[in-house]
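Structural overview for review
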Amino acid sequence: MSQLSLQNIVIQYGQQVVIHDVSLQVEHGQIGCLLGPSGCGKTTLLRAIAGFEAVTSGQIALGDTIISSPQIHIPPEKRQIGMVFQDYALFPHLTIANNISFGIRQLSKVAQTKRIEQLLELVNLSGYQKRYPHELSGGQQQRIALARALAPKPKLMLLDEPFGSQDVELREILAREVRDILKQEQTTAILVTHDQHEAFAMADEIGVLKAGRLQQWDNPYHLYHRPANAFVAEFIGQGVLIAGEVLDNYTVQTAVGVVSGSLPVGATPHMPLQVLIRPDDIRLVAKAERKAVVISRVFRGAEYLYTLQLSDQKTTILALAPSHQQYEIGETVYFELDMQHLVLVP
Amino acid sequence: MEISKGIWRTLIIGMATFTALPIIAVFSYVFVPAPEVWAHLFDTVLVDYISNTLWLMLGVSVGVLLIGIPAAWLMSMCDFPAQRFFEWALLLPLAMPAYIIAYTYTGMLDFAGPVQSLIRSLTGWGYGDYWFPKVRSLGGAITMLSLVLFPYVYLLARAAFLEQSICVLEVSRTLGANRWQSFFRVALPLARPAVITGLSLALMETVADFGTVQYFGVSTFTTGIFRTWFGLGDHAAASQLAALLMTLVLVLILLELWSRQRARYHHTSSKYSRIPKYQLKGWWAIGAFLVCALPLALGFIIPVAQLVYWGISTAHLTLDSSFWELVLNSLILAALAALSALILALILGYGKRINPDPMVKTATRIAALGYAIPGTVIAIGVLIPLAWLDTQLNILAKYVWGTSVGLIFSGSLLTLLYAYNVRFLAVSLQTVEAGLGKIKPTIDNAGRSLGLGSVGVLRYLHLPLMKGTLLTALLLVFVDVLKELPATLILRPFNFNTLAVKAYELASDERLAEAGLPALMIVAAGILPVILLSRSIATSRAGTSSS
C-alpha cells in the first residue's frame, strides 16, 4: 500500500479549475517532487495534501485513511503531516528548543528534551537549543524548520520550495543534505519546486505539472530520457525538438540526418514526428560527415554551450564542448551523433 | 480546540449587528413622524443648530489648516532652533480634551480672570471701559477646537511632505519656481489628500464635540440632541436630529475614504532620499520657532500650567475620599471598556484573517463605524433598544410574577460599556488588524500543521507575538474612555461619577478651579498615547537624517 495516494484530484476556485484530474502515488520512505513553472498549480496541490485547500473531487489518502475528498476534510492539525515553508515560518517568540518541541507538547518533558537533542544532532545544530530564530543564518533556520516538522514523526513531510530563498550554488548541496536527513528518518516526503536541479538532487520520483495537469510521474532518469510529451522533453534538461519523418520501423529522417532507435507503436512511414536532440547527443569532432555553423556560444566554466545552425539554414541544435576546445562564431564545425536514447514525440 | 469557519462567521456578523444596532435604532426613527416637534424645532432652534454647526466646521477648518500646514512644512523642510523638540511636542495638544481647554481659558480670560484683572489694575479701567473678546462664544469655541485639533492636520501633512520625493521639488526648482512657488504649486497639491484626511478627522471631532459648545452656550446638533431628549423628552425628535447629524458625519467619512484612496496616486516615489534641510537663520528662524511654539503654548503649555495651579490651590478641597472614588470609578470603567473592546477586536480581526469573505469584510467594517459617530448620538442609539428591552422584560415579569422588575439595562454600567464599545471598537480593531498584518500567514499554517486548531493558533502564536500591539490597543481605548464626556454623561448610572463628568459638573457650577485636578488627571492620561504615537512615527519615517 502506498503511503500517499492522490486519485483524480480536481481543485476548483469558483468556476476556475486549477488542478485537473491529478493521480499519483508515493511509496513509504520515498521522496516525491512536484516540478513545474510558476502558476502550474504545484503549490495548490501541496496545500491540498496538507489540508489548507479543499478538493472539488477525487480523494487523497494517507496510508489507508482518506484525508481529503469532497465529503471528508480532516483539518490540517489532525493529519500528522509535517510541512516546511519557503520562508521557514519559525516562531520568532520561541527559542529553537521550543520551536522544535511545539508539535510534541503532549510528550513528557524528558521525552521532549531527548527528541530535541536527537533532531538537533540530525540537522547538525547541536547546542542551539537556547538560541532564537533571528540569531541563525538562513540555512540554519531552514534546518530548524525541518527539525521542527520532523519532531512529531509525521506520516508525510511536505516541503514548499524549501531552497527558494537560498543562493543558487547552495541549493543542490542543501537538497542533498535534506534528502539524507529525510532518508535517515525514513520519512515519506513531497517537495515542490520549479528548479529541476533541486528536484533531481532530492527526489526519487518527480511529477511534472503544467497548467494544473500532471504531465508525467516518473523517476528522474526516465523523465530525462523518456519524456512523455514535448513539454516535458523541453522542460527537463536542455535540448531542442526538431522535425522528422518516419522512414521505416527503426529510422527517422531529420535535418541532422537519419537517426535510429525504437519507434513508438503505430508509427507508419511518412508520419511526421519530433525528435529531441540534447546537447550530450552531439559530439563535436575534427572531421565528420555532418557539419554546422556556430551562431552563438555561452561560457559555462568547464564547457561552452554552442548553438549551431544546420546546413538547411533554419534548424538549430545545441552542443557542448570542453572550454579549451574553442570555436568562433561563424566557424564551421563537424559533429557526430551519439544518441543512446531516441526521444520521439508526436 | 477547533471552531469551524461557520461559527467564526456567525460570531463576526453577530458582533457587527450588535455594534451597528444603535446606529440602526437612530435611523429607524427617521420614519416615525413627529411633525409638531419638528415645526417647533424649525421655528425656534433648528436654524441655529445648522448654522452654528456649519460655522463651527468652517472656522475649525480654517484654524487647523492655518496652524497645521505651516508647522508641518517647516518641520519637514527646514532646520531651526528646538525643531527636534517640536517634532513630537506639537502632538501634545491631542492630549487635551476640547472641553477642558475651554474651561481653562474661560477661567483665565473671563472678567474676573487673571488677564482682565491685570489689564484693569495696570490701566485703572473699570467694567465696560474697554473691549475684550468674549471667550464663551462661537468664535471662542472655534479657537478652542482649533487649538487642540490641529495636530491631526499637522501629523498627516507632515507625513505626506516627508513621503514626497525631494526630486519633484528639485525638478520644480530647475523649471524656474522658487521655494515658495514650489511649495504652493507642487508640494501642497501633492499633500492635498493627506491634508483632507487630517481635516476630516478634525471635523469629525468638531461635530462630535459636546462639552465645549455646551459650556459656551453655542447651540449645535449635539447640544440640541441632548436638550431635545432630556429637556423636551421627545425621543423621536432627538433621534431625528441625531440622524441628521449622522448624515453629516457620513459625508465626512466618505470624504476621508475618498481622500485616502486618492493618496495612493499621489506617491511620487518609493525611494526616499534624505531631504537636505534648509538652514533658517535670524528673523526667519525666530518666525519658524514662533509658528511652532505658539500653538504648542496656547494648546497645551498654558492651559496645563493653569490646571496645575488650580489643582494645587484647591487640593485641600478636592483631595478627599470621594475624589479617589472618582479616580477608581474612571479607571475601572476605562479598563473594562478597553478589555472588552480588545476581545471584540481580536475576534473580529482574527475571524476576518481566517475567513476573509466579502460578507465578513463588510461586517468588520460596519462594526468599526462607531469611531466617527458623536458620543451623544451613540448614547441615545444605545438607549433606544435597551429601553425597549426593559419595557418588554417588565411586561413579561408582570405577566409571570405579577410585578415589575424595574430598569435592568438602561442606567446600568453595562449600557455604558456597550456605548464605549460601539464608539471605540474601531480604535482597538485597527490596532489589532495592524498587528495581525505583521504576522506572516505561513506562521498560521506552520501552527496548524503542528497540531493547533484555529483558536490554538490565536492563543499560542498570535497573542504572544502581538503582546505590544495588544497593550497599545488597550491603552488607546483606555485613554479614549477616560476622556469621553457626552455618552458617559447621558448613560452613567445614577450618582456614578467619573473624572470627566466631575470636571464637567464643577465647571458648569462655575467652580472652575476645583475642576482643575480631575481635568489634569485626564490630560496626564492623554499624554500616554501621544508618546506612543510619536515613538511609532520616529521609528517608521523615511527621508530624514535620523534613523
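Every chain is numbered independently, its residues counted from 1 as its sequence is written. All chains are assigned letters beginning at A, and all ligands numbers beginning at 1, according to the order in which they are written. Per-residue local features are limited, in this predicted model, to residues with pLDDT of at least 70; the limit for side-chain atom pairs, both in listing and counting, is 80 or more; totals at the level of whole chains, interfaces and linings are taken over all residues. Hydrogens and water are ignored here; the side-chain numbers use all heavy atoms of the structure.

A tally of regular secondary structure across chain B gives 22 helices and two strands. A radius of gyration in this sense is built from C-alpha atoms; the matching globule rule multiplies 2.2 Å by the number of residues raised to 0.38. Taken against the 2.2 N^0.38 rule, which gives 24 Å for 547 residues, the C-alpha radius of gyration of chain B at 25 Å falls within 12% of a compact globule. Projected onto its principal axes, the C-alpha coordinates of chain B cover approximately 85 × 75 × 50 Å. Residues counted as buried form 53% of the 547 residues belonging to chain B. Two residues qualify as a contact provided that any one of their heavy atoms is within 4.5 Å of a heavy atom in the partner residue. In chain B, 83% of the contacts between residues at least 6 apart in sequence involve partners at least 24 apart. Per element, the accessible surface of chain B, about 24,800 Å² overall, is 68% carbon and sulfur. Charge-centre separation for chain B: the mean point of 36 positive side chains lies 15 Å from the mean point of 26 negative side chains. Put simply, DSSP H or I for four residues or longer makes a helix, DSSP E for two residues or longer makes a strand, and each gets a number counted from the N terminus. We call a residue buried when its accessible area falls under 20% of the maximum for its residue type, exposed when it is over 50%, and partly exposed in between, using a 1.4 Å probe and counting protein chains only. In these tables, accessible area is a Shrake-Rupley quantity obtained with a 1.4 Å probe, and a residue counts as shielded only by the protein chains included in the view. This count recognises Lys and Arg as positive and Asp and Glu as negative, with His and chain-terminal groups excluded. Where a charge lies is defined by one atom per residue type, namely NZ (Lys), CZ (Arg), CG (Asp) and CD (Glu).

Turning next to the overall build of chain A. The secondary structure content of chain A amounts to eight helices and 20 strands. In terms of its C-alpha atoms, chain A occupies a principal-axis envelope of roughly 75 × 50 × 35 Å. Within the span of chain A, comprising 346 residues, buried residues form 53% of the whole. Restricting the contact set of chain A to residue pairs at least 6 apart, pairs at least 24 apart contribute 64%. Accessible surface for chain A amounts to roughly 16,000 Å². Of this, 49% is attributable to carbon and sulfur atoms. Averaging the locations of the 29 positively and 34 negatively charged side chains of chain A gives two centres separated by 6 Å.

The accessible area lost on association of the parts is a frequent measure of interface size. Residues and elements named next belong to chain A. What the domain assignment lists for chain A is domain 1 (4–234) and domain 2 (238–345). Computed from C-alpha coordinates alone, the two centres of domain 1 and domain 2 are separated by 38 Å. Each partner contributes to the interface: domain 1 provides nine residues, whereas domain 2 provides seven residues. Contact between domain 1 and domain 2 buries roughly 800 Å² in total, counting both sides, with carbon and sulfur atoms accounting for 56%. Basic side-chain nitrogens of Lys or Arg form a salt bridge, by our definition, when they fall within 4 Å of a carboxyl oxygen of Asp or Glu. Counting across the domain 1 and domain 2 interface gives zero salt bridges. Each domain's extent is set by a domain assignment, obtained either automatically or from a database. Buried area: the accessible area, evaluated with a 1.4 Å probe, that two parts lose upon being put together, summed over both parts.

Time to look at the sheet that holds strand β15 (residues 282–285) of chain A. Residue and element names in this part refer to chain A. Pairing between strands is defined by DSSP: at least two bridges between them are needed. Taken together, five strands build an open sheet; the order of strands is β15-β19-β16-β17-β18 and the sheet is antiparallel. The open sheet is flanked by β15 and β18 (316–322), the only strands paired with a single partner. Going from strand to strand, the sheet's axes swing by 50 degrees on average, the running direction of each strand aside. Here β15 runs beside strand β19 (residues 332–337); their pairing, made up of four bridges, is antiparallel. In the sheet register, Val285 faces β19, and the bridge partner there is Tyr334. Angles run from 0 to 180 degrees between N-to-C directions of axes, and those axes are lines fitted to C-alpha atoms, restricted for helices to the stretch in contact.

Attention shifts here to a nonpolar patch on the surface. A cluster of nonpolar side chains, Trp388, Leu389, Leu393, Leu396, Tyr399, Val400, Trp401, Val405 and Ile408 of chain B, forms an exposed patch at the surface whose accessible area comes to about 990 Å². Owing to a relative accessible area of 31%, Leu389 of chain B belongs among the partly exposed residues under this scheme. Patch membership requires more than 30% relative accessible area and the absence of a salt bridge. Residues of like charge join within 9 Å; the nonpolar side chains Val, Leu, Ile, Met, Phe, Trp and Tyr join within 5 Å.

Aromatic contacts are taken between Phe, Tyr and Trp rings whose centres are within 6.5 Å, Trp giving its six-membered ring; a plane angle under 30 degrees counts as stacked, one over 60 as edge-to-face, and the others as tilted. Evaluation of the coordinates by the stated rule reveals 21 aromatic pairs over all chains. Measuring from centroid to centroid gives 5.1 Å for Trp73 of chain B and Phe161 of chain B, while their planes differ by 80 degrees, and the two rings are edge-to-face. Placement of Trp73 of chain B in helix α2 (residues 35–77) and of Phe161 of chain B in helix α6 (residues 138–163) is noted, with a sequence separation of 88 residues between them. For the pair Trp73 of chain B and Phe161 of chain B, a shared accessibility class is recorded, and that class is buried. Aromatic rings pair up to connect Phe299, Tyr304, Tyr306 and Tyr327 of chain A into one cluster.

This brings us to the sheet that holds strand β12 (residues 251–254) of chain A. Residues and elements named next belong to chain A. A sheet is described by the order of its strands in space; here five strands give the open sequence β13-β12-β11-β14-β20, paired in antiparallel fashion. Of all the strands in the sheet, just β13 (257–260) and β20 (343–345) have a single pairing partner and so form its edges. Ignoring which end each strand starts from, the neighbouring axes of this sheet average 40 degrees apart. When strand β11 (residues 240–246) meets β12, the two strands line up antiparallel, connected through three bridges. Looking at the pairing, Val246 lines up with Val252 of β12.

With that settled, consider the pairing of β19 of chain A. Judged from the four bridges that link them, strand β16 (residues 290–299) of chain A and β19 of chain A form a sheet pairing that is antiparallel. For Arg290 of chain A, the partnering residue across the bridge sits in β19 of chain A and is Phe335 of chain A.

What follows deals with the interface of chain B and chain A. Contacts between chain B and chain A engage 17 residues on the former and 20 residues on the latter. Of the roughly 1,600 Å² buried between chain B and chain A on both sides combined, carbon and sulfur atoms contribute 67%. When the buried surface of chain B facing chain A is broken down by residue, Asn445, Ser449 and Leu450 of chain B rank first, second and third, together holding 35% of it. Viewed at the interface, chain A and chain B are joined by two salt bridges. In this structure, Asp87 of chain A engages Lys440 of chain B in a salt bridge whose closest nitrogen and oxygen atoms are separated by 3.7 Å. Pairs of N or O atoms within 3.5 Å make up the polar contacts considered here, provided that, within protein, one atom can donate a hydrogen while the other can accept it, and that residues adjacent in sequence are counted only when both atoms are side-chain atoms. Between chain B and chain A we count three residue pairs in polar contact (both at pLDDT 80 or more) in total. Only α17 (441–449) and α18 (454–465) of chain B provide two or more residues apiece to the side of chain B that touches chain A. The greatest single-element share of the side of chain B that touches chain A, amounting to seven residues, is contributed by α17 of chain B. In this classification, the charged set is Asp, Glu, Lys and Arg, the nonpolar set is Ala, Val, Leu, Ile, Met, Phe, Trp, Tyr, Cys and Pro, and all remaining amino acids, among them Gly, are polar. When its residues are assigned to classes, the side of chain B that touches chain A shows eight nonpolar, six polar and three charged.

With that out of the way, let us pick up the pairing of strand β2 (residues 16–26) of chain A. All names here are of chain A. Pairing of strand β1 (residues 4–13) with β2 involves seven bridges; the strand directions are antiparallel. Within β2, the position partnered with Leu6 by the bridge is Leu24. The antiparallel pairing of β1 with β2 creates a hairpin that spans two residues between the two strands, and Gly14 there sits at a positive phi of about 60 degrees.

Residue and element names in this part refer to chain A. Tracing the backbone shows Ile74 in the loop between β5 (65–68) and β6 (81–84). Owing to a relative accessible area of 22%, Ile74 belongs among the partly exposed residues under this scheme. With 23 residues separating them in the primary sequence, Ile74 and Gly51 have C-alpha atoms 6.9 Å apart.

Before going further, it helps to examine the pattern of salt bridges. Residue and element names in this part refer to chain A. Going through the model one piece at a time under the given rule, you end up with 19 salt bridges over all chains. Arg283 is paired through a salt bridge with Asp338; the nearest N and O atoms lie 3.2 Å apart. Taken together, the residues span a long stretch of sequence, with Arg283 in strand β15 and Asp338 in the loop between β19 and β20 at a distance of 55 residues. On the basis of relative accessible area, Arg283 is assigned to the partly exposed category, the value being 41%.

Residue and element names in this part refer to chain B. For the pair α17 and α18, interaxial distance at closest approach is 10 Å and the crossing angle is 130 degrees. Judged by the inter-axis angle, α17 sits oblique to α18. Classified by chirality, the crossing of α18 by α17 is right-handed. Each of Ile443, Asp444, Gly447 and Arg448 in α17 lies in contact with α18, whose residues at this interface are Ser454, Val457, Leu461, His462 and Leu465. Per-class residue counts for the contact of α17 with α18 are four nonpolar, three polar and two charged. An angle below 35 degrees is read as roughly parallel, one above 145 as roughly antiparallel, one from 65 to 115 as roughly perpendicular, and any other as oblique. The crossing is said to be left-handed when, going from far helix to near helix, the turn is anticlockwise and less than a right angle, and right-handed when the turn is clockwise.

This brings us to the side chain of Lys42 of chain A. All names here are of chain A. In this structure, Lys42 sits in helix α1 (residues 42–50). Since its relative accessible area comes to 5%, Lys42 is described here as buried. Looking at Lys42, its side chain comes within polar contact range of the main-chain oxygen of Gly36, at 3.2 Å. Apart from the residues lying within four places of it in its own chain, the contact partners of Lys42 are Leu34, Leu35, Gly36, Pro37, Glu161, Val192, Thr193, His194 and Leu209.

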